[in-house]
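Descriptive analysis of the structure
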Amino acid sequence: MTATLPTATDPQSGAATATATATAPPIPQQRTRPGGLGVRPPAPAHPLLRLRSSRPDLLLCGAVLIAIVLVQGWNITRFPTLSDDEGTYLAQAWAVQQGNGLAHYTYWYDHPPLGWIQIAGLTYLPSLFVPDWMTVAPMRFSMVAVSAVSSVLIYVLARRLWLPRWASGLAMALFGLSPLSVVLQREIFLDNLAVMWILLAFCLAASPSRHLWHHFGSGLAAATAVLTKETMLVVLPALLVTMWRHSHRDTRKFAVTGAVTACALIGLSYPLFALLNSELLPGAGHVSLIDGITYQMSRPGSGFILTPGSGSNGVFRSWLYYDTVLPLGGLAGALLLIATPRWSVTARALAGPALAAVLLAAVALRPSGYLPAMYVIQALPFLALVLAGAAASVTHAVLRRRRTPGERRSLVYGRRLLVGALAAAAALYVLPRWYDGDRTALTADANAPYRQAAAWLGREVPDPAGTRVLVDDALWLDAVHDGFEPGLGAIWFYKADLDPAVTRTLPGGWRDIDYVVSSPTVRRDAADLPNVKAALEHSAVVAVFGSGEDRIEIRRTDRVDGS
């Protein structure tokens, strides 16, 4: 059930696109020299049909892509600091690779498992040939491939949304080279994978070919994005807007219905999986999907994002620490485009991405919501697109607004001079800040304490197979590779208090634990974990790496004489 429809000529309205070919505006008399002064600016470019058939697009996209891969890949194992979430997802991917199910502990429906199943696939070959590399730092290189694909999709989407070539390259650079992007896209987060799939969904929804299978494919890609990270649900209305604006009015109802159906059917596989495992509804003695959703919805809020001192405000300030241009400039661009669809072709074409940015910002602004640090990853591609689109709109307005045939040469030069001045001012503001942020990412070594602690465990513990150690998630796979028993020998520290399958093996509480690796995460959460807190209190430091709040202590418990 496919149909090839005429190439889109203007995304403004279905009526405007009903004709088979572009209807060029009447062109007034021009000077004979093409491109000379006084020539009426050309009509908007056609959207990109096939990237591989356009050499200028290939060259520009390839050049920006090389820069992104180099900046994101260089020093990736040393910066930023290894995070607990990275260790969680990679350890679960390791369990999938080992055939141990969806997780090495009981899978409790905290997130759909498709995300770390993809990570298991991405890391399969490296872990097959070099098993010891299956730890967080080396496996970050798999995220470079994800970022590369997402960056190319950004370029393709920008061209399909009628942005000129230079603005598409700008969107790609904003997405991949912003210090905020470099830091977050290096990390093994489900959000990075979900962004790749939702960008594919937008590219298919905005396809100028308008095959119906493109829209079905868009629904499938959107469902994959949601099953990779469930918070992508927020973006689906914006995807629907994009599909609506870029589909042909004659087949729009089939396109949208097909996409929604495909998305819903694939999305329902998750509750169906829980139902078939008798884990859909809460019950005694088992986990359930409803319990998992209830937990996520009831997580304590981190406060209003603009309230000084709140957790959300701290996360927001950390984003702005790395980059103010993309978060604030992108949001301003989204609001500008949403307010000007009547006057701007770019605003109409970018209505979907602008709506996505605003929806994600509205969720982040909930007064009592929980705001994790990686939340902004989902907004980065849309912020980059609308910021580049806003730049294109301003440039178009300066160069072409109220331009008349035979315009005076001085006025034409004035327009160009103004555009040049605006571009120079933007570059002077942005580039020094990005240089400092990216230089830190390229040169800093924030993970030396983790590497030293992992090396100490492998070198100094005489009988790892018979030793029990509490570690944070980021160090867990290092301990497993050093010979500690996965799950009950090397123990995620909070499982010692929160997982009945683990606590049953610790009848003596902290007395059944040999070592605690006290990282910032462990010290922060220990107050609410009695066994972990007791293990820290009844232990002595035998090695310490780093200093200050970021130090990592290896502590041995006093199992014989402790009381």
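Up top is the structure.
The structure contained in this document is the topic of the report that follows.

Each value, and the rule that gives it
- Residues numbered from 1 in each chain as written.
- Predicted model: local features only at pLDDT ≥ 70, side-chain atom pairs only at ≥ 80, totals over all residues.
- Heavy atoms only, no water.
- Salt bridge = Lys/Arg side-chain N within 4 Å of Asp/Glu carboxyl O.
- Buried < 20%, exposed > 50% of the residue type's maximum accessible area, 1.4 Å probe, protein only.
- Core = buried A, V, L, I, M, F, W, Y, C linked by side-chain atoms within 4.5 Å.
- Helix = DSSP H or I, 4+ residues; strand = E, 2+ residues; numbered from the N terminus.
- Contact = heavy atoms within 4.5 Å.
- Phe/Tyr/Trp six-rings, centres within 6.5 Å; stacked < 30°, edge-to-face > 60°.
- Lys NZ or Arg CZ within 6 Å of the ring centre and 35° of its normal.
- Pairing = 2+ DSSP bridges.
- Axes fitted to C-alpha atoms, helices over the stretch in contact; angles between N-to-C directions.
- Expected span 1.5 Å × (residues − 1).

Some points on the pattern of salt bridges
Evaluated as defined, the whole model comprises 14 salt bridges. Residues Arg451 and Asp445 are paired through a salt bridge, measuring 2.8 Å at the closest nitrogen-oxygen approach. Overall, Asp445 belongs to the partly exposed group, its relative accessible area being 32%. Between Glu553 and Arg551 there is a salt bridge, with its nearest N and O atoms 2.8 Å apart. For Glu553, a relative accessible area of 10% puts it in the buried group.

Notes on the nonpolar core
In terms of nonpolar packing, the biggest core is built from 148 residues, with Ile198, Leu470, Trp476 and Ile554 touching the most fellow members. Ranked by residue count, the leading element in this core is helix H9 (residues 190-205), at 11 residues. For Trp476, the residues in contact, after removing those within four places along its chain, are Ala91, Trp94, His104, Tyr105, Val471, Pro486, Gly487, Ala490, Ile491 and Trp492.

So, the packing of aromatic side chains
Summed over all chains, the structure comprises 14 aromatic pairs. We note Arg433 situated over the ring of Tyr429; from NZ or CZ to the ring centre the distance is 3.9 Å.

Quick look at the sheet that holds strand S5 (residues 552-557)
In spatial order, the strands read S2-S1-S3-S5-S4; together these 5 strands make up an open sheet with mixed pairing. Unpaired on one side and paired on the other, strand S2 (490-492) and strand S4 (539-545) mark the two borders of the sheet. Here the strands of the sheet are splayed against their neighbours by 25° on average, with no regard to which way each runs. The sheet contact formed by S4 and S5 spans 6 bridges and is antiparallel. In the sheet register, Ser539 faces S5, and the bridge partner there is Thr557.

Considering helix H2 (residues 84-97)
For H2, spanning 14 residues, the distance from its first C-alpha to its last is 20 Å, which sits close to the expected 20 Å at 1.5 Å a residue. The buried fraction of H2 is high, at 11 of 14 residues. Considered for burial, the residues of H2 that qualify are Asp84, Glu86, Gly87, Thr88, Tyr89, Leu90, Ala91, Gln92, Ala93, Trp94 and Ala95. Packing partners of the buried residues in H2 comprise helix H3 (114-122), helix H5 (136-139), H9, helix H22 (473-481), S2 and helix H25 (520-525). In the segment just after H2, Gly99 is the residue with positive phi, at about 75°.

As for unusual backbone geometry
A cis amide bond links Phe79 to the next residue, Pro80, at an omega of 0°. Take Pro80: it is sitting in the loop between helix H1 (55-73) and H2. The phi torsion at Tyr109 lies on the positive side, around 65°, for a residue other than glycine. Considering the arrangement of structural elements, one finds Tyr109 in the loop between H2 and H3. Judged by relative accessible area, Tyr109 falls into the buried class, the value being 2%. Even without being a glycine, Trp162 presents a positive backbone phi close to 75°. By the element assignment, Trp162 lies in the loop between helix H6 (141-160) and helix H7 (165-177).

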